[in-house]
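Chain residues, written in single-letter form:
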Amino acid sequence: MRIGILGTGALAEGLGRGWARAGHELVVGGRSRARADALAGRLGGSARAATPREAVTGRDAVLLAVLWSGVEDVLRSADAASGRLAGTPLIDPTNAVEHGVGVLLTERGSSGAGRIAELAPGAHVVKAFHLFPAERWTHPPASAGGDGDNGSDGRQATTVAICGDDAAALRVTSELVRDVGGVPAVLGPLDRARQLEEVAGFVIGLAFAGFDPASAVPHVPTRTIPA
């Protein structure tokens, strides 16, 4: 696939490396052209840097890998308001939360993903990749199987909860999740993004308070859940 990446930070690099290994064509656009050039060089292969507008034009998917505070600026640079991303899967891994606390910054009843959909009219926004640090994608489990199976290296594959309104965009995102060793779990339409973002706030709040978020969530094997 032809993938545009908006952002030059750790998540852009972690996912970009996995997608480059899978053979995808990557175009990196950021607010700093120097940083975009440097990231494209580290990703290697056919990866190249471009302006944000060029990075999102004619792509099969676009990753919005910037801090929440930079979302409006980078989408403005990409000319998203004109409909440039119309029909394109726009993957949103952002967390609109107060740093170190986890409280959502969006208004009650709204979501960050919903705001992104407003800023990029016509884009098929998919919430994904927002719950795990970038390092998780730098060294994913080898040959991860389906349904949360362990990879060939014995580590548990990462389940990536995603939601969105467009079936084709969900399929594209699911493929890209698998390409970095994850297991996609489609939870429903974009209306559920608020729920997923609240989960991220819960995880972030616990982590900054010194607790392991995994210890606060009961492990319930899927085979025990009644139909």
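See the structure printed just above.
Owing to the predicted nature of the structure, the values given are computational and were not obtained by experimental measurement.

### Re helix α1 (residues 10-21)
Step number 1: Look at α1: 17 Å from first C-alpha to last across 12 residues, which is about the 16 Å you get at 1.5 Å a residue.
Step number 2: Considered for burial, the residues of α1 that qualify are L11, A12, E13, G14, L15, G16, G18 and W19.
Step number 3: Taken together, the buried residues of α1 touch β1 (2-6), β2 (25-29), α2 (33-43), β4 (61-64), α6 (135-138) and α7 (167-179).
Step number 4: At the exit of α1 stands G23, carrying a positive phi of roughly 95 degrees.

### Let's talk about the sheet that holds β1
One key point about sheets: their strands pair by backbone hydrogen bonds, in either a parallel or an antiparallel sense.
Step number 1: Read from one edge of the open sheet, 8 strands run β3-β2-β1-β4-β5-β6-β7-β8, paired in mixed fashion. Both edges of this open sheet fall to β3 (48-50) and β8 (182-186), since each of them pairs with a single strand only. The sheet shows a mean angle of 30 degrees between the axes of neighbouring strands, direction not considered.
Step number 2: With 5 bridges joining them, β1 and β2 adopt parallel strand pairing. If you follow G4 over to β2, its bridge partner there is V27.
Step number 3: Against the sheet, α2 engages β2 and β3, with an angle of about 160 degrees to β3.

Conventions used here
- Residues numbered from 1 in each chain as written.
- Predicted model: local features only at pLDDT ≥ 70, side-chain atom pairs only at ≥ 80, totals over all residues.
- Heavy atoms only, no water.
- Helix = DSSP H or I, 4+ residues; strand = E, 2+ residues; numbered from the N terminus.
- Expected span 1.5 Å × (residues − 1).
- Buried < 20%, exposed > 50% of the residue type's maximum accessible area, 1.4 Å probe, protein only.
- Contact = heavy atoms within 4.5 Å.
- Pairing = 2+ DSSP bridges.
- Axes fitted to C-alpha atoms, helices over the stretch in contact; angles between N-to-C directions.

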